[in-house]
2 protein chains.
Amino acid sequence: MNKRDKTIRLGHGSGGRMTHDLIRDIFLSHFDNSILLQQGDSAIWNLSASPDASGHSPTSGTKLAFSTDSYVVDPIFFPGGNIGSLAVSGTVNDLAVSGARPLFLSAAFIIEEGFPLDQLDEIARAMAAASTEADVPIVAGDTKVVHKGKCDKVFITTSGVGLLDEALSHIPTGSRVTEGDVILVNGYAGDHGIAILGERESLKFQSPILSDAACLNGLIAEITAQYEVHFMRDATRGGVATVLSELAGLTKHAITIEEQAIPVREEVRGICEIFGYDPLYMANEGKVVLVVPGDQADKVLEGMKTHPLGRDASIIGKVGGEYPGKVVLHTEIGGKRFLDMLAGEMLPRIC
Amino acid sequence: MNKRDKTIRLGHGSGGRMTHDLIRDIFLSHFDNSILLQQGDSAIWNLSASPDASGHSPTSGTKLAFSTDSYVVDPIFFPGGNIGSLAVSGTVNDLAVSGARPLFLSAAFIIEEGFPLDQLDEIARAMAAASTEADVPIVAGDTKVVHKGKCDKVFITTSGVGLLDEALSHIPTGSRVTEGDVILVNGYAGDHGIAILGERESLKFQSPILSDAACLNGLIAEITAQYEVHFMRDATRGGVATVLSELAGLTKHAITIEEQAIPVREEVRGICEIFGYDPLYMANEGKVVLVVPGDQADKVLEGMKTHPLGRDASIIGKVGGEYPGKVVLHTEIGGKRFLDMLAGEMLPRIC
């Protein structure tokens, strides 16, 4: 990338193709280290290789997962949550899908001068509730204030540390994904995106679409304790389609998806049609895509359905097909199309 | 605090009294946990109490330090550094002064649409250089973009994890601080604040005042390996005075400081006089206040002076005096005054 005279565009924050390019061209080119290069949802750090000042090494096998995300969602309050609950669940989920048990979080606030304290209080209350629900305490924080007009109400950055379950260390890499594996998602796609869009555009729904923002660590712990899981990733910015595209890119396997098997609410589908969006690219904040061995898929599906956050789980496709490294979608009307990463920016500031 | 109709003011981000009150009234009231309540530079997490999914506990005694800070400094480029180098050194220092060896960092960027890519590249390069110098890699990151006018150029949040040296676990608590201990600082106070102020006000200096932003983990590791240290804290927002005030509050000891012993550059003193500021409240980004046993102070001072970042170190005062829990400054003209925490906001967006 020629950086001269180029500027940041909204698509650079989409989580899709432009974000990937920006990370590669600017950040990875400078922050050259093997852990960052893995580009998983969390960085994995082998603590055993880090003796303390007195030369004492922690137990061999202790691996930490580490993740960070800034939240700039607009509006900050939306049906089903607010920027605070989102900031907690998002980072908890990044750790959980990496095969780690989330241990603790930090929260750093950048606040606009003049922001109402009662709104900050409501945000903090939502963070505390999400943190309690997930059983992951917020142990460190920071507060910065900028002049009116120099930020938009409040931005929150959460970071989190988890303890990697050694038996799950293959999960972020996708190294065990193999032809014949089956792909599942734990429920309806696109709810978070439509909840934000609806709030922004003051859309009237018969029954309001709530953001699906939720901490998935409980569901994931249950599933991984009982079943073999080959890969997991939470479908956030860029939606289910972007995760599937990343999976195909990472494993070089062909991926085949049945569009009609992906749970999408009628209202979500309707709004997407009106605005010309594809629900598969719509953001989620409580959805995980799992890849499991083909012969265990039905049992995993059953297991997921017993958890409140997996009630609407579905088998959506399989590993295998004609085009290695590509995702082919079998559409509801009998056609086929490739699913690629989100190219530009669909809904800025969705999270 | 009555939150109704109250709004965030710039002073809430000062790092002084108003920040402390905001944290107490909003964040601590909701995020109620014993680790956050310690309010050190880093949170300390005992990993031994955290078995992994299979019930396996890491070695007893493994304690992690965890810290986060958002950087909103304005201007983003200033003499002696930029927002990127600051974001790395600030979090490295927070871990180091807690008695931990910094292991790894994350960096989360909130960027304004239209921000020049070559400036982002320069910032990333400075972060990489600081990270390499400190030997603390940046292993995780995030990028968000907001519309033009919705943030000011770029904000960076860094978080970091360190391994606590068990022999130094008393340092953040101040529990070993005792009457007769001696207080040192590793060099000139107020350089960072004046570098920012000078750039903002386009002041012309004969020789430019450079920010003192630097990673102190090397200096601190050398000192703590050789000498007994009872307390350390980096003097950032709120300056040396705020750290001393926190020390007095934490230990309930009287603190006596000799103003003339605190190294302050002539130019810094001059600019402070013109603007009506006190250099002791001016921000630093490479200064640590240490408390050591009285009989070792001279040796610690000597040791510090052999390190490039401790060349201008000085003994500035002692633990003891008439007013328990208070800091008394013996002024250069022979007077006495109390040093309290920074009350409002002196220079917004100093870091």
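If you're wondering where the values come from, they're calculated on a predicted model, not measured in any experiment. (Residues numbered from 1 in each chain as written. Chains lettered and ligands numbered in written order. Predicted model: local features only at pLDDT ≥ 70, side-chain atom pairs only at ≥ 80, totals over all residues. Heavy atoms only, no water.)

**Quick word on the overall build of chain A**
Reasoning step 1: Helices and strands together make up the secondary structure of chain A, namely 9 helices and 14 strands.
Reasoning step 2: Over its C-alpha atoms chain A spans a radius of gyration of 20 Å, differing by no more than 12% from the 20 Å that the globule rule assigns to 351 residues.
Reasoning step 3: Across its three principal axes, chain A shows a C-alpha extent of roughly 60 × 55 × 50 Å.
Reasoning step 4: Looking at chain A as a whole, 62% of its 351 residues qualify as buried.
Reasoning step 5: Counted over contacts in chain A with a minimum sequence separation of 6, partners at least 24 positions apart contribute 82%.
Reasoning step 6: Carbon and sulfur atoms make up 48% of the accessible area of chain A, which amounts to about 12700 Å² in all.
Reasoning step 7: On chain A, the mean spot of the 30 positive side-chain charges and the mean spot of the 45 negative ones are 5 Å from each other. (Helix = DSSP H or I, 4+ residues; strand = E, 2+ residues; numbered from the N terminus. Rg over C-alpha atoms; globule rule 2.2 N^0.38 Å. Buried < 20%, exposed > 50% of the residue type's maximum accessible area, 1.4 Å probe, protein only. Contact = heavy atoms within 4.5 Å. Areas by Shrake-Rupley, 256 points an atom, 1.4 Å probe, with all protein chains shown as cover. Lys, Arg positive; Asp, Glu negative; His and termini not counted. Charge placed at Lys NZ, Arg CZ, Asp CG, Glu CD.)

**Section: the interface of chain A and chain B**
Reasoning step 1: Taken residue by residue, the interface counts 85 residues in chain A and 85 residues in chain B.
Reasoning step 2: Contact between chain A and chain B buries roughly 7700 Å² in total, counting both sides, with carbon and sulfur atoms accounting for 71%.
Reasoning step 3: The largest contributions to the chain A side of the interface with chain B come from I8, F66 and L117 of chain A, which together make up 10% of the buried area.
Reasoning step 4: At the junction of chain A with chain B, the criterion picks out 4 salt bridges.
Reasoning step 5: Here R237 of chain B ties to D142 of chain A by a salt bridge, and the two come within 3.1 Å at their closest N and O atoms.
Reasoning step 6: The tally of links between chain A and chain B comes to 22 residue pairs in polar contact (both at pLDDT 80 or more).
Reasoning step 7: The set of elements that each furnish at least two residues to the side of chain A that touches chain B consists of α1 (17–30), α2 (34–38), β1 (43–46), β2 (63–71), β5 (100–112), α4 (117–134), β6 (138–146) and β7 (154–164) of chain A.
Reasoning step 8: Considering every element that reaches the side of chain A that touches chain B, the biggest residue donor is β5 of chain A, with 11 residues.
Reasoning step 9: Partitioned by chemical class, the residues of the side of chain A that touches chain B number 46 nonpolar, 21 polar and 18 charged. (Buried area = accessible area lost by both parts, 1.4 Å probe. Salt bridge = Lys/Arg side-chain N within 4 Å of Asp/Glu carboxyl O. Polar contact = N/O pair within 3.5 Å; in protein donor to acceptor, adjacent residues only side chain to side chain. Nonpolar A, V, L, I, M, F, W, Y, C, P; charged D, E, K, R; others polar.)

**A closer look at the relation of the copies chain A and chain B**
Reasoning step 1: When chain A is fitted to chain B, the residual RMSD is 0.0 Å, and the transformation amounts to a turn of 180° plus an axial shift of 0.0 Å. In symmetry terms, the pair is related by a two-fold rotation axis. In terms of C-alpha distance to the rotation axis, chain A has C151 of chain A as its closest residue, with the C-alpha 2.0 Å off the axis. (Least-squares fit on C-alpha atoms with pLDDT ≥ 70 in both.)

**Structural notes on the confidence of the model for chain A**
Regions with low pLDDT carry predicted coordinates that are not meant to be interpreted in detail.
Reasoning step 1: For chain A, mean pLDDT is 93; residues scoring 70 or higher make up 96% of the total.
Reasoning step 2: The ipTM, which scores confidence in the relative placement of chains, is 0.93 for this predicted complex, and the corresponding pTM is 0.94. (pLDDT = per-residue confidence, 0-100.)

**What to know about the packing of helix α5 (residues 191–200) of chain A against helix α8 (residues 266–275) of chain A**
Residues and elements named next belong to chain A.
Reasoning step 1: One way to put it is that α5 packs onto α8 with a least axis distance of 10 Å and a crossing angle of 60°. By the angle class used here, α5 and α8 are oblique. Two packed elements cross with a definite hand, and for α5 against α8 that hand is left-handed. Where α5 abuts α8, its residues D191, I194 and L197 lie against V268, I271, C272 and F275.
Reasoning step 2: Partitioning the contact of α5 with α8 into residue classes produces 6 nonpolar, no polar and 1 charged. (Axes fitted to C-alpha atoms, helices over the stretch in contact; angles between N-to-C directions. Parallel < 35°, antiparallel > 145°, perpendicular 65-115°, else oblique. Left-handed = near helix turned anticlockwise from the far one by under 90°.)

**Points about the domain arrangement of chain A**
All names here are of chain A.
Reasoning step 1: Domain boundaries in chain A define domain 1 (33–168) and domain 2 (182–339).
Reasoning step 2: The distance between the C-alpha centroids of domain 1 and domain 2 comes to 23 Å.
Reasoning step 3: On the side of domain 2, 21 residues touch domain 1, which itself brings 26 residues to the contact.
Reasoning step 4: In total, about 1800 Å² of surface goes out of reach between domain 1 and domain 2, with carbon and sulfur atoms giving 60% of it.
Reasoning step 5: Of all residues in domain 1, the largest losses of buried area upon contact with domain 2 belong to P79, N93 and V97, amounting jointly to 29% of the total for that side.
Reasoning step 6: Remark: the boundary between domain 1 and domain 2 carries 1 salt bridge.
Reasoning step 7: Joining domain 1 to domain 2, the criterion identifies 7 residue pairs in polar contact (both at pLDDT 80 or more).
Reasoning step 8: By residue number, the principal contributor to the side of domain 1 that touches domain 2 is helix α3 (residues 83–96), which donates 8 residues.
Reasoning step 9: Residue classes in the side of domain 1 that touches domain 2 are distributed as 15 nonpolar, 7 polar and 4 charged. (Domains from an automatic or database assignment.)

**Points about the state of the cysteines**
Reasoning step 1: In total, this model carries 0 disulfides over all chains according to the counting rule given.
Reasoning step 2: C351 of chain B forms no disulfide, and the closest cysteine sulfur to it belongs to C215 of chain B, at a distance of 15 Å. (Disulfide = S-S within 2.5 Å.)

**Quick look at the side chain of K144 of chain A**
Reasoning step 1: Secondary-structure assignment places K144 of chain A in strand β6.
Reasoning step 2: Among the polar contacts listed, one links the side chain of K144 of chain A to the backbone oxygen of S70 of chain B, at a separation of 2.4 Å.

**Structural notes on helix α8 (residues 266–275) of chain B**
Residues and elements named next belong to chain B.
Reasoning step 1: For α8, every residue scored as buried is listed here: V268, I271 and C272. Here the buried residues of α8 occupy an arc of 100° about the axis, which is enough to place them on one side. Exposed residues on α8 whose side chains face more than 90 degrees from its buried face are E266, E273 and I274.
Reasoning step 2: Directly after α8, the chain includes G276, whose backbone phi takes a positive value near 75°. (Arc of directions from axis to C-beta.)

**What to know about the environment of D74 of chain B**
All names here are of chain B.
Reasoning step 1: If you trace the backbone, D74 turns up in the loop between β2 (63–71) and β3 (77–78).
Reasoning step 2: By relative accessible area, D74 is classed as partly exposed at 23%.
Reasoning step 3: Expressed as a C-alpha distance, the spacing of D74 and T158, which sit 84 residues apart in the sequence, is 17 Å.
Reasoning step 4: Residues in contact with D74, not counting those within four places in the same chain, are D152, K153, I196, R200 and R349.

**What about the sheet that holds strand β11 (residues 288–292) of chain B?**
Residues and elements named next belong to chain B.
Reasoning step 1: Strand order in the open sheet formed by 7 strands is β9-β11-β8-β12-β10-β13-β14, with mixed pairing between adjacent strands. The strands lining the two open edges of the sheet, one partner per strand, are β9 (231–234) and β14 (336–339). Direction aside, neighbouring strands of the sheet carry axes that sit 25° apart on average.
Reasoning step 2: Judged from the 4 bridges that link them, strand β13 (residues 327–330) and β14 form a sheet pairing that is antiparallel. Within β14, the residue paired with L329 across the bridge is R337. (Pairing = 2+ DSSP bridges.)

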